[in-house]
Amino acid sequence: MATNVRIEQSWKEMLQDEFDKDYFMQLKTFLTHERQRFQIYPPGGKIFAAFDHTPFNKVKVVIIGQDPYHGTGQAHGLAFSVPDGIPVPPSLQNIFKEINHELGIPIPKNGNLKSWAIQGVFLLNATLTVRARKPGSHQHKGWEIFTNTVIERLSEYRTGLVFLLWGNYARAKKSLINTKKHFILEAPHPSPFSANRGFFGCNHFSKTNEILQQQGQHAIDWNPAEDDNR
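1. Some points on the layout of surface pockets
- A volume near 500 Å³ is recorded for the largest pocket.
- Class assignment for the residues of the lining of the largest pocket results in 11 nonpolar, 13 polar and 1 charged.
- Quantified by volume, the second largest pocket comes out at close to 350 Å³.
- Contributing to the lining of the second largest pocket are 15 residues, with Val5, Arg6, Gly44, Ile47 and Phe48 lying nearest its centre.
- A per-element tally of the lining of the second largest pocket places helix α2 (residues 22-37) first, with 6 residues.
- Along the lines of polarity and charge, the residues of the lining of the second largest pocket split into 7 nonpolar, 4 polar and 4 charged.

2. Examining the packing of α2 against helix α6 (residues 143-157)
- Where α2 meets α6, the closest approach of the two axes is 9 Å, and the angle between their N-to-C directions is 130°. Between α2 and α6, the angle is such that the two are oblique. Considering how the two elements wind past one another, α2 and α6 form a crossing that is left-handed. Contact residues: Tyr23, Phe24, Leu27 and Leu31 in α2; Trp143, Ile145 and Phe146 in α6.
- Along the lines of polarity and charge, the residues of the contact of α2 with α6 split into 7 nonpolar, no polar and no charged.

3. Let's talk about the sheet that holds strand β3 (residues 121-125)
- Taking strand neighbours across the sheet as the criterion, the 4 strands line up as β3-β2-β5-β6 in an open arrangement whose pairing is parallel. Looking at the sheet topology across the chains shown, the edges are occupied by β3 and β6 (183-187). Along the sheet, successive strands turn relative to each other by an average axial angle of 20°, direction set aside.
- Two strands pair when backbone bridges link them, and strand β2 (residues 61-65) and β3 are joined in this way by 5 bridges, in the parallel orientation. Each bridged residue has a counterpart across the sheet, and for Val62 the counterpart in β3 is Phe122.
- Lying over the sheet, α6 contacts β2, β3 and β5 (162-166), oriented at roughly 155° with respect to β3.

4. Re α2
- Taking 1.5 Å of rise per residue, 16 residues should cover 22 Å, and α2 covers 23 Å from first to last C-alpha, within 8% of that figure.
- Looking at the buried residues of α2, the elements they touch are α1 (9-19), β1 (40-41), β4 (130-131) and α6.

5. Quick look at unusual backbone geometry
- At the junction of Tyr41 and Pro42, the peptide bond is cis and its omega measures out at -10° in the coordinates.
- For Pro42, the position within the fold is in the loop between β1 and α3 (49-53).
- The phi torsion at Phe80 lies on the positive side, around 70°, for a residue other than glycine.
- The topology assignment puts Phe80 in the loop between β2 and α4 (90-103).
- With a phi close to 60°, Asn203 is a non-glycine residue in the positive phi region.
- Here Asn203 lies in the loop between β6 and α8 (204-214).

6. Things to note about empty space enclosed by the protein
- All chains considered together, the criterion is met by 2 cavities of 30 Å³ or more.
- Of the volumes computed, that of the largest cavity is approximately 50 Å³.
- Every residue lining the largest cavity is listed: Ile64, Gly65, Gln66, Trp166, Tyr169, Ala170 and His189.
- Those elements that provide at least two residues to the lining of the largest cavity are β2 and α7 (167-171).
- When its residues are assigned to classes, the lining of the largest cavity shows 4 nonpolar, 3 polar and no charged.
- Looking at the second largest cavity, its volume works out to about 40 Å³.
- Classifying every residue of the lining of the second largest cavity gives 5 nonpolar, 3 polar and no charged.

7. Quick word on the pattern of salt bridges
- If you walk through the whole model with that rule in mind, you get 7 salt bridges.
- Across the pair Glu18 and Lys21 runs a salt bridge, and its minimum N-O distance is 2.7 Å.
- On the basis of relative accessible area, Glu18 is assigned to the buried category, the value being 2%.
- Since its relative accessible area comes to 36%, Lys21 is described here as partly exposed.
- Here the salt bridges do not stand alone but share partners, grouping Asp17, Glu18, Lys21 and Arg153 into one network.

What counts and how
Each chain has its residues counted from 1, following the order in which its sequence is written. The predicted origin of the model limits local features to residues at a pLDDT of at least 70 and limits the giving and counting of side-chain atom pairs to 80 or more, whereas totals for whole chains, interfaces and linings rest on all residues. No hydrogens and no water enter the side-chain calculation; it runs on all heavy atoms of the structure. Only protein atoms enter the 1 Å grid used here, on which a cavity is any set of points holding a 1.4 Å probe that cannot leave and a pocket is any open set flanked by protein within 12 Å on both sides along at least five of seven lines; residues with an atom within 4 Å of a point are listed as lining. Grid points are joined across faces, edges and corners, and a volume is the space filled by probe spheres set on the points. Ten residue types, Ala, Val, Leu, Ile, Met, Phe, Trp, Tyr, Cys and Pro, are classed as nonpolar, four, Asp, Glu, Lys and Arg, as charged, and the remainder, Gly among them, as polar. Under the DSSP-based scheme used, a helix requires at least four consecutive residues in state H or I and a strand at least two consecutive residues in state E, with every element numbered from the N terminus. In this analysis, axes come from line fits to C-alpha atoms, helices being fitted only over the stretch in contact, and the angle between any two N-to-C directions falls in the range 0 to 180 degrees. When describing relative orientation, an angle under 35 degrees is termed roughly parallel and one over 145 degrees roughly antiparallel, while 65 to 115 degrees is termed roughly perpendicular and anything else oblique. Two helices cross in a left-handed way if the nearer one is turned anticlockwise from the farther one by less than a right angle. They cross in a right-handed way if the turn is clockwise. Throughout, a contact is declared for two residues whenever any of their heavy atoms are within 4.5 Å. Strand pairing follows a simple DSSP-based rule, namely that at least 2 bridges must link the two strands. Multiplying 1.5 Å by the helix residue count minus one yields the expected span of that helix. Any carboxyl oxygen of Asp or Glu that lies within 4 Å of a side-chain nitrogen of Lys or Arg is treated as forming a salt bridge with it. The rule is simple: take the accessible area with a 1.4 Å probe, protein chains only, and divide by the maximum for that residue type; under 20% is buried, over 50% is exposed, in between is partly exposed.

Shape descriptors only; they carry no functional weight alone.
The following block contains the structure:
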C-alpha cells in the first residue's frame, strides 16, 4: 500500500515511488522519534511548503538551500525565507541587497518569499527538517536522497529551468542537472562570510528574468509583497 504523504498533487504523482522506498520509511521513523524528544522545524504542515506553493509544472526557477532555519519561528518550508514578522536573516538581507543593486527594488523589511514561490521560484532546501538550535542535525538521514531525486526529476521532465546555485553545497548539485536543457547560474553563497567574494554583483536576478523572457515567459517580480494576505 502506498505511503500517504501530504504534498501537492502534481509532486505527489511525480515522487510517489520515492515515498515507498526503504530510505524514506526510515526517514519517517527517524522524524517520529525526533518529534517525541525535541522541537523540530518547520512545523509538520510546512515541511513540503515549497512543493505546495510551486507545483511541478509551474516551476521556472530553482534556488537550492541547505538546511531550514533552526531558530524559533524562522522556518516555514521555503529556502532562505522567513514568515511575516520574523527578522530578516543575514543571508536573506544580502539577497535583498543584491536585488536592490541589480533592479533598484527597495530593500524590504519583510522576509517572506511566498510571493516568489507562487510565481514559480522553487525554494528547495536539501534537508527539509532540522532540530531546534541544532543546524545540520537532520542531514544524512534520507532527505538529501529525496531532494536529489526532486532535482533529477525536474531536470528530466522539464526544460528551460533556471537553477541558481549559491555556494559550494548548492554547486555540488550541478551534476544532477542536464545542462543542455536547463540554465545554471553559479555564485558564492549570500552568507556574510562569502557574499563579498562574488555573490554581490552576480546579477543573477536580472539574468534570470532575461532568460525567462527570452523563452517567452513572465519575469519574476523579485519584490516580496508585504500585504498579499499570506
